[in-house]
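Next come the chains, spelled out residue by residue.
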Amino acid sequence: MFAQSQEEILHYAGADREKVLAEGAAKEGELVVYSAMIADQALQPLTEAFMKKYPSVSVTFWRGDSEDIAQRVLAEERANNVVVDVVEGTSVSENLIKAEAVQTFTSPMLDQYPDSYRDPNHLWAATRVSYYCMAYNTDMVKAADVPKSYEDLLDPKWQGQIAWRIGSESGTPLFITNLRSAWGEEKAEDYLKKLSAQKIVNFGAGSARTLVDRVIAGEYAMALNVFCHHPLISAEDGAPVASQLMSPVASTTATLLIPKNIQHPYGAALFTDFLLSEDGQKILLGADYFPAHPKVLPSEMLQKIVPHEVGYEENLVRPEALVNNGKKSDELYQTYFR
């Protein structure tokens, strides 16, 4: 069997799937991946391992922030010149699905994943999990004073000392959507109204990692809704920063998507299977990521911030939830924090 259309290739489920895809990918010879993963510790070893297994395929990758990746893919679509074959990142799926810029696919590897880590419409699959928490400067916030709950953040002594990230789906939109979905509309809006009295600093000058660096530098005492592993990793290197989980802990998944009208569908399907496999997922451990594969556990250091491992309530906010709740969450942000 030799599949013909992109739809046939991306959904091929024959027993000889790997052989068919590998032969097709070898004829294509190339593959282009855009991803938000760390280049040196994740993308480079991941693509090198793929090319070692399938030496007839040359992989080129471009690393960018999720918002930049989405913009680049959409620009390629508008120009009718799609260069990328596989897209991966946190918060990248919302914009691409909304623009109807991606196509459906399947992978036998997903049979091992929980339903919450894959799209029922086959438009995305989870590659990594992210947990969000508060980062705080340990020189500026005494251990006894560290806010342990969302209510604790309302203490007047923290007024003007807290920042959160704007301009990213994983920043303020996720913070607000998490509370709305976990608490309900009335309780969430009542809380946000109270939180607005704290004069939260709207940080729009960089990534979540940059915001954590500003906390370490002492520019802000605390930062909300940052990737929980960033402060932990910096603290291991001696930086004056720590992570604090708060129930409900927002979690999201980085997702893999395949744009429409790609040039290398066999390679895209083959790379998808590889990244979602146990072997591919284990490579992500080298970058201190939380693999989505249920059999590939995070490092011992990172397991201390997995909510269900340390007694915190987790609220998984799926990509479509961020899309569907985006308008209302933005209205609340505009009402209380602009």
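As annotated in an unreviewed UniProt entry, the protein chain is Extracellular solute-binding protein from Sinorhizobium chiapasense.

Novice: Got a minute to help me understand the pattern of salt bridges in this structure?
Specialist: Side chains carrying opposite charge are able to pair once their charged atoms draw close together. One pass over the full model with this rule turns up twelve salt bridges. One salt bridge connects Glu185 with Arg180, and the closest N-O pair in it is separated by 2.9 Å. Glu185 gets classed as partly exposed once you look at its relative accessible area, which sits at 38%. Asp190 serves as the salt-bridge partner of Lys194, at 3.3 Å between the closest nitrogen and oxygen. Here the residue Lys194 and the residue Asp190 both occupy positions in helix H7 (residues 185-196), the gap between them amounting to four residues, near one helical turn. Assessed through its relative accessible area of 43%, Lys194 is described here as partly exposed. The exposure class of Asp190 is partly exposed, given its relative accessible area of 41%.

Novice: Before we go on, may I ask you to explain the state of the cysteines in this structure?
Specialist: A covalent bond bridging the sulfur atoms of two cysteines is what the word disulfide describes. This model, assessed by the stated rule, comprises one disulfide. Each sulfur in the disulfide pair Cys133 and Cys228 lies 2.5 Å from the other. Its S-S torsion of about 105 degrees marks the bond between Cys133 and Cys228 as right-handed, since a negative value means left-handed. Pair noted here: Cys133 is in strand S5 (residues 125-137) and Cys228 is in the loop between strand S8 (222-227) and helix H9 (229-236), with a separation of 95 residues, a long-range link. The buried category is assigned to Cys228, whose relative accessible area is 0%.

Novice: Explain the side chain of Ser329 to me, please; I cannot follow it from the model alone.
Specialist: With respect to the secondary-structure elements, Ser329 resides in helix H13 (residues 319-337). Owing to a relative accessible area of 1%, Ser329 belongs among the buried residues under this scheme. For Ser329, the side chain forms a polar contact with the side chain of Arg180, separated by 2.8 Å. Dropping the residues within four chain positions of it, Ser329 is found in contact with Pro173, Ile176, Thr177 and Arg180.

Novice: What am I meant to see in unusual backbone geometry here?
Specialist: Phi is mostly negative for residues that are not glycine, and the peptide bonds are mostly trans. The omega torsion across Ser247 and Pro248 is 0 degrees, close enough to zero to call that bond cis. Following the sequence through the fold, Pro248 ends up in the loop between strand S9 (241-244) and strand S10 (249-259). Of note in the backbone geometry, Glu100 takes a positive phi value of approximately 55 degrees without being a glycine. Along the chain, Glu100 falls in the loop between helix H5 (92-98) and strand S4 (102-103). Residue class for Glu100 comes out exposed when judged on its relative accessible area of 61%. Residue His122 is not a glycine yet carries a positive backbone phi of 65 degrees. Relative to the assigned elements, His122 resides in the loop between S4 and S5. The exposure class of His122 is partly exposed, given its relative accessible area of 39%.

Novice: What is the right way to read the packing of aromatic side chains from this model?
Specialist: To describe a pair of aromatic rings, one takes the distance between the centres and the angle between the planes. Throughout the structure, instances matching the rule amount to 15 aromatic pairs. Seen in terms of ring centroids, Tyr34 and Trp62 are 5.4 Å apart; in terms of plane orientation they differ by 75 degrees. Their pairing is edge-to-face. Remark: Trp62 occurs in strand S2 (residues 58-63) and Tyr34 occurs in strand S1 (residues 30-35); sequence separation between them is 28 residues. Overall, Trp62 belongs to the partly exposed group, its relative accessible area being 27%.

Novice: Which parts of the structure should I look at to understand the nonpolar core?
Specialist: Where a protein is soluble and globular, its nonpolar side chains tend to be buried together. Within the largest apolar cluster, 68 residues are counted, with the highest numbers of intra-cluster contacts made by Leu31, Phe50, Leu96 and Phe271. Broken down by element, this core gets its largest block of residues, eight residues, from helix H10 (residues 265-276). Once residues within four sequence positions are removed from consideration, Leu96 is found in contact with Ala70, Val73, Leu74, Val87, Ala101 and Val102. If you look at the next biggest cluster of nonpolar residues, it comprises 26 residues, including Val146, Tyr191, Ala221 and Met222.

Novice: I'm lost on H10 in this one. Help?
Specialist: Residues that lie three or four places apart on an α-helix share one face, since the helix turns once every 3.6 residues. Counted at 1.5 Å a residue, the expected span for H10 with its twelve residues is 16 Å, and the 17 Å between its end C-alpha atoms agrees. The buried fraction of H10 is high, at twelve of twelve residues.

Novice: For this particular structure, what's the right way to read helix H6 (residues 172-183)?
Specialist: With twelve residues, H6 ought to run about 16 Å at 1.5 Å a step, and its terminal C-alpha atoms sit 16 Å apart, in line with that. Those residues of H6 not exposed but buried are Thr172, Leu174, Phe175, Ile176, Thr177, Asn178, Leu179 and Arg180. Within two residues after H6, Gly184 carries a phi angle of roughly 95 degrees, on the positive side.

Novice: Looking at this structure, I do not really get the pairing of S5. What am I missing?
Specialist: Residues in a regular strand point their side chains to alternate faces of the sheet. Among the 13 residues of S5, 13 are classified as buried, and the element is accordingly described as predominantly covered. Across two bridges, the pairing between S5 and strand S11 (residues 290-291) is antiparallel. Within S11, the residue paired with Val129 across the bridge is Phe290. As defined by bridge partners, S5 adjoins S8 across four bridges and the pair is classed as antiparallel. The residue bridging Tyr132 from the neighbouring strand is Phe227, located in S8.

Procedures and definitions
- Residues numbered from 1 in each chain as written.
- Predicted model: local features only at pLDDT ≥ 70, side-chain atom pairs only at ≥ 80, totals over all residues.
- Heavy atoms only, no water.
- Salt bridge = Lys/Arg side-chain N within 4 Å of Asp/Glu carboxyl O.
- Buried < 20%, exposed > 50% of the residue type's maximum accessible area, 1.4 Å probe, protein only.
- Helix = DSSP H or I, 4+ residues; strand = E, 2+ residues; numbered from the N terminus.
- Disulfide = S-S within 2.5 Å.
- Polar contact = N/O pair within 3.5 Å; in protein donor to acceptor, adjacent residues only side chain to side chain.
- Contact = heavy atoms within 4.5 Å.
- Phe/Tyr/Trp six-rings, centres within 6.5 Å; stacked < 30°, edge-to-face > 60°.
- Core = buried A, V, L, I, M, F, W, Y, C linked by side-chain atoms within 4.5 Å.
- Expected span 1.5 Å × (residues − 1).
- Pairing = 2+ DSSP bridges.

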